[in-house]
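# Architecture and fold: a report
The chain contents come next:
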Amino acid sequence: MMNQSSPSPRFLFLVLFAACFALLGFGLYLQHTKGIEPCPMCIMQRYAFMAVGLTALVAGLHNPGRTGTRAYAVLVLLFALAGGGVAARQTWIQIYPPQVSECGPDLEFMLGSFPLADALPMIFRGAGDCSLVDWTFLGLSIANWSLVTFTLVVLFAIAMFLRGKARP
């Protein structure tokens, strides 16, 4: 039996949803207000945060029982591992930058070199250099913070999975 003072799975999943979309909002703030262009790896991390957040929203709205909590926890875990893998790779690239950028051309080059119809999909994929550190907070880059956050989401998913386990 669950402790009455323990938050419900619904509440916890909705908090995770709010956190993911706050992070996505902050990323959009950095992009559109501070002019920090996301690289392709940043865009993939955004997709992973969106997948985690939407899964958490559905779980929160669904208000799952034990089995549902475990199923949603596995989905959150998979999305967080995927996003964390990309964040870890980008962190590695930032620490040990390659001789030539692996992320492709910048926004100005794409718009100047390709017709708009061809440049739009490229822009959506991201335009920044994945090895470039444009912003830091407490000494950590966006990729570093993303890795920390995905690690916390993995721990959350494991805790929710274990919480959803049937008790004797």
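Residues numbered from 1 in each chain as written. Predicted model: local features only at pLDDT ≥ 70, side-chain atom pairs only at ≥ 80, totals over all residues. Heavy atoms only, no water.

Turning next to the overall build of the protein. Broken down by element type, the protein carries six helices and two strands. Looking at the protein as a whole, 38% of its 168 residues are labelled buried. A separation threshold of at least 6 residues defines the contact pool for the protein, and within that pool the share at least 24 residues apart is 81%. Accessible area for the protein stands at about 9800 Å²; split by element, carbon and sulfur atoms hold 70% of it. (Helix = DSSP H or I, 4+ residues; strand = E, 2+ residues; numbered from the N terminus. Buried < 20%, exposed > 50% of the residue type's maximum accessible area, 1.4 Å probe, protein only. Contact = heavy atoms within 4.5 Å. Areas by Shrake-Rupley, 256 points an atom, 1.4 Å probe, with all protein chains shown as cover.)

A cluster of nonpolar side chains, contributed by Val74, Leu75, Leu78, Phe79 and Leu81, occupies part of the molecular surface with about 410 Å² of accessible area. According to the relative accessible area criterion, valine 74 is partly exposed, its value standing at 35%. (Patch = residues over 30% accessible without salt bridge, like charges linked within 9 Å, V, L, I, M, F, W, Y side chains within 5 Å. Salt bridge = Lys/Arg side-chain N within 4 Å of Asp/Glu carboxyl O.)

This part is about unusual backbone geometry. Here asparagine 63, not a glycine, exhibits a phi torsion of approximately 55°, which is positive. Within the secondary structure, asparagine 63 is located in the loop between helix H2 (40–62) and helix H3 (66–95).

Before going further, it helps to examine the nonpolar core. Residues Phe13, Leu16, Val52 and Val76 are the most contacted members of the largest nonpolar core, which totals 21 residues. For this core, the elements supplying multiple residues, two or more each, are helix H1 (9–32), H2, H3 and helix H6 (142–163). The element best represented in this core is H6, accounting for six residues. Membership of the second largest hydrophobic core comes to five residues, among which are Cys39, Met41, Cys42 and Ile93. (Core = buried A, V, L, I, M, F, W, Y, C linked by side-chain atoms within 4.5 Å.)

With that settled, consider H2. An ideal rise of 1.5 Å per residue puts 33 Å on 23 residues; H2 measures up with 33 Å between its terminal C-alpha atoms. A positive phi of about 55° marks asparagine 63, the residue just after H2. (Expected span 1.5 Å × (residues − 1).)

This part is about the side chain of threonine 55. Assignment of secondary structure puts threonine 55 in helix H2. In this structure threonine 55 comes out as buried when scored by relative accessible area, which is 11%. Looking at threonine 55, its side chain comes within polar contact range of the main-chain oxygen of alanine 51, at 2.7 Å. Setting aside anything within four residues of it in sequence, one finds threonine 55 in contact with Tyr72, Leu75, Val76 and Phe79. (Polar contact = N/O pair within 3.5 Å; in protein donor to acceptor, adjacent residues only side chain to side chain.)

Tallying each qualifying case throughout the model produces zero disulfides. The cysteine cysteine 42 is free of any disulfide, with cysteine 39 supplying the nearest cysteine sulfur at 3.3 Å. (Disulfide = S-S within 2.5 Å.)

Let's shift gears to the packing of H2 against H3. Close contact between H2 and H3 brings their axes to 9 Å; oriented N to C, the two are set at 160°. In terms of orientation, H2 lies roughly antiparallel with respect to H3. For the element pair H2 and H3, the recorded crossing hand is left-handed. Two secondary-structure elements touch here, H2 through Met41, Cys42, Met44, Gln45, Ala48, Ala51, Val52, Thr55, Val58, Ala59 and His62 and H3 through Tyr72, Leu75, Val76, Phe79, Ala80, Gly83, Val86, Ala87, Arg89, Gln90 and Ile93. Residues of the contact of H2 with H3, tallied by class, amount to 16 nonpolar, five polar and one charged. (Axes fitted to C-alpha atoms, helices over the stretch in contact; angles between N-to-C directions. Parallel < 35°, antiparallel > 145°, perpendicular 65-115°, else oblique. Left-handed = near helix turned anticlockwise from the far one by under 90°. Nonpolar A, V, L, I, M, F, W, Y, C, P; charged D, E, K, R; others polar.)

Here leucine 75 lies in helix H3. Taking the relative accessible area as the measure of exposure, leucine 75 reaches 38% and is therefore partly exposed. In the structure, leucine 75 is positioned 24 residues away from alanine 51 in sequence and 8.9 Å away in space, judged by C-alpha atoms.

In contact at an axis separation of 7 Å, H1 and H2 are set at 150° when each is read in the N-to-C sense. Here H1 lies roughly antiparallel to H2, going by the angle between them. As for how H1 packs across H2, the hand of that crossing is left-handed. Where H1 approaches H2, its residues Arg10, Phe13, Leu14, Leu16, Phe17, Cys20, Phe21, Leu23, Leu24, Gly27, Leu28 and Gln31 are matched on the opposing element by Arg46, Phe49, Met50, Val52, Gly53, Leu54, Ala56, Leu57, Ala59, Gly60 and Leu61. Of the residues assigned to the contact of H1 with H2, the class counts are 17 nonpolar, four polar and two charged.

Scope: geometric values only; no functional claims are made or implied.
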